[in-house]
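Each chain, letter by letter, is given below.
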Amino acid sequence: MSKKYVVGLDLGGTKIYTALVDLDGTIIKEKVVETLAFEGEEAVINRMMDTIDYVIEGIDKELIKAIGIGAPGALDLKEGIVMESPNLPFENFELVGKIRAKYDLPTYLDNDANVATLGEYRFGAGKGTENMIYMTVSTGIGGGAILNGKIFRGSTGNALEIGHTTISQERTRCGCGNLGCAESLASGTAIGKRAKEAVNSNAETSLKNYDDVTSKEVFIEAAKGDRVAKEILNTSLTYLGITVANVITSFDPEKVVIGGGVINGGDIVLEAIKEEVAKRCMKVFVDSCSIEKAKLGGQAGVLGAAALAIME
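Since the model is a prediction, treat every value here as computed from it, not as a measurement.

(A) View of the sheet that holds strand E3 (residues 27–34). With respect to topology, five strands assemble into an open sheet ordered E3-E2-E1-E4-E8, the strand pairing being mixed. Of all the strands in the sheet, just E3 and strand E8 (107–111) have a single pairing partner and so form its edges. Each adjacent strand pair in this sheet contributes to an overall mean axis angle of 15 degrees, direction not counted. Across seven bridges, the pairing between strand E2 (residues 15–22) and E3 is antiparallel. Each residue of the ladder has a partner; that of Tyr 17, found in E3, is Val 32.

Right, here's the structure in full:
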């Protein structure tokens, strides 16, 4: 009797999303609960276990192959420890050990960007590739790489911190402390920040019609023809295109898959990226690499955690 299922758990700062998944990536049973991180480590891990209990209830344990967990923050993957995470209460917390001890199943942990990469590779837009880069562009910019069919983690497990590559000498300070990072120039947060600056200036722009302006409003007003919104988008998407071009030149992938909130801004995003890539990459790369929108959406984390459990 072969094992038919895995458990995928996507641990986020606001919610925990857990699912029982078959080996083809079909979700059999799922549960989403609030993380409530302020309640502390024990409360969060107990809530994680509650969701696992829920999705495996009534399933013969012999049929479950493994548990995969995706989490944000600094992780020690070898030891299965969450060292620290900005939106979670864990500090040097032995997450894998506790889960493994309770369920007596192989349990694997990886960072959320790697997990989403695995999900898109196994079940999403990257299916059938051998070399694929995944990028997520939302609050920040992160990513992961599948090289020769395997996730590439780097020597410390933190490879592809794409958001912290320097793409400009502009004096824009990034949250990491560096100047000119991709994240500070091309993320959803960067677009929103530029919009707020415009609203608080003498610029004539329809962005001033909103009480609170984020990247979403910039896309809406740019589509309506607002000059300032169009300028902001043009600048940020050019920087995003440069970032993608650098990644393609470094890794020579068959495909770059882009997820996160910014890609939902419409066709303009992929068009702008492709235009920059065509300008900046050698022809051999442009001809052999496709750039596509991620397919898994809000399920990237949970299906990626499942893919981690299957592939490890």
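We are not done yet, so read on.
(B) Structural context of a positive patch on the surface. A surface patch of positive charge is lined by Lys 3, Lys 61, Lys 65 and Arg 122. Of note, Lys 61 is situated in the loop between helix H1 (41–56) and strand E4 (64–71).

(C) Representation of the layout of surface pockets in the model. Roughly 1,600 Å³ of volume is contained in the largest pocket. Lining of the largest pocket is provided by 48 residues; of these, Pro 72, Asp 112, Ala 113, Thr 136 and Ser 138 occupy positions nearest its centre. Counting residues per element, the ones that place at least two in the lining of the largest pocket are strand E1 (5–11), strand E5 (74–76), E8, helix H3 (112–123), strand E9 (132–137), strand E10 (141–147) and helix H10 (300–311). The greatest single-element share of the lining of the largest pocket, amounting to four residues, is contributed by H3.

(D) Region of the structure containing the nonpolar core. Counting 45 residues, the largest nonpolar core has Met 135, Leu 240, Val 244, Ile 248, Ile 258 and Ile 291 as the members making the most contacts within it. Here the element with the most residues in this core is helix H7 (residues 227–251); it accounts for 12 residues. For Val 244, the contacting residues outside a window of four places in its chain are Met 135, Val 256, Ile 258, Ile 273, Val 277 and Ile 291. Residues Met 48, Ile 52, Val 96 and Leu 105 belong to the second largest nonpolar core, which totals 30 residues.

(E) Broad picture of H7. Taking 1.5 Å of rise per residue, the 25 residues of H7 would be expected to cover 36 Å, and the 36 Å separating its terminal C-alpha atoms lies within 8% of that figure. Measuring from the side-chain oxygen of the N-cap residue of H7 to the backbone nitrogen of Val 228 gives 3.4 Å; that N-cap residue is Asp 226. Directly beyond the C-terminal end of H7, a positive phi value near 50 degrees is found at Asp 252.

(F) Representation of helix H2 (residues 95–103). Taken residue by residue, H2 has Leu 95, Val 96, Ile 99 and Tyr 103 as its buried positions. Looking straight down H2, one finds its buried side chains confined to an arc of 90 degrees; they lie on one side. Of the residues trailing H2, Asp 104 is marked for its positive phi of about 55 degrees.

(G) Spotlight on the pattern of salt bridges. Enumeration over the complete set of coordinates arrives at 11 salt bridges. For Glu 312, the salt bridge identified is with Arg 153, shortest N-O distance 3.2 Å. One end of the pair, Glu 312, is in the segment after H10; the other, Arg 153, is in the loop between strand E11 (150–152) and helix H4 (182–186), and 159 residues separate them in sequence. What makes Glu 312 partly exposed here is its relative accessible area of 46%. One salt bridge in this structure joins Glu 170 and Arg 194, with 3.3 Å as the shortest N-O distance. Pair noted here: Glu 170 is in the loop between E11 and H4 and Arg 194 is in helix H5 (residues 188–199), with a separation of 24 residues, a long-range link.

(H) How the structure looks around the packing of aromatic side chains. This model, assessed by the stated rule, comprises one aromatic pair. Here the aromatic rings of Phe 90 and Phe 93 are separated by 4.6 Å at their centres, their planes lie at 20 degrees, and the arrangement is stacked. Take Phe 90 and Phe 93: they sit in the same class, and that class is buried. Stacked on the ring of Tyr 54, the Lys or Arg Lys 29 has its end atom at 4.5 Å from the ring centre.

Definitions and cut-offs
- Residues numbered from 1 in each chain as written.
- Predicted model: local features only at pLDDT ≥ 70, side-chain atom pairs only at ≥ 80, totals over all residues.
- Heavy atoms only, no water.
- Pairing = 2+ DSSP bridges.
- Helix = DSSP H or I, 4+ residues; strand = E, 2+ residues; numbered from the N terminus.
- Axes fitted to C-alpha atoms, helices over the stretch in contact; angles between N-to-C directions.
- Patch = residues over 30% accessible without salt bridge, like charges linked within 9 Å, V, L, I, M, F, W, Y side chains within 5 Å.
- Areas by Shrake-Rupley, 256 points an atom, 1.4 Å probe, with all protein chains shown as cover.
- Salt bridge = Lys/Arg side-chain N within 4 Å of Asp/Glu carboxyl O.
- Lys, Arg positive; Asp, Glu negative; His and termini not counted.
- Charge placed at Lys NZ, Arg CZ, Asp CG, Glu CD.
- 1 Å grid on protein atoms, 1.4 Å probe; cavity = no way out; pocket = protein on both sides within 12 Å on 5 of 7 lines; lining within 4 Å.
- Points joined across faces, edges and corners; volume = space filled by probe spheres on them.
- Core = buried A, V, L, I, M, F, W, Y, C linked by side-chain atoms within 4.5 Å.
- Buried < 20%, exposed > 50% of the residue type's maximum accessible area, 1.4 Å probe, protein only.
- Contact = heavy atoms within 4.5 Å.
- Expected span 1.5 Å × (residues − 1).
- Polar contact = N/O pair within 3.5 Å; in protein donor to acceptor, adjacent residues only side chain to side chain.
- Arc of directions from axis to C-beta.
- Phe/Tyr/Trp six-rings, centres within 6.5 Å; stacked < 30°, edge-to-face > 60°.
- Lys NZ or Arg CZ within 6 Å of the ring centre and 35° of its normal.

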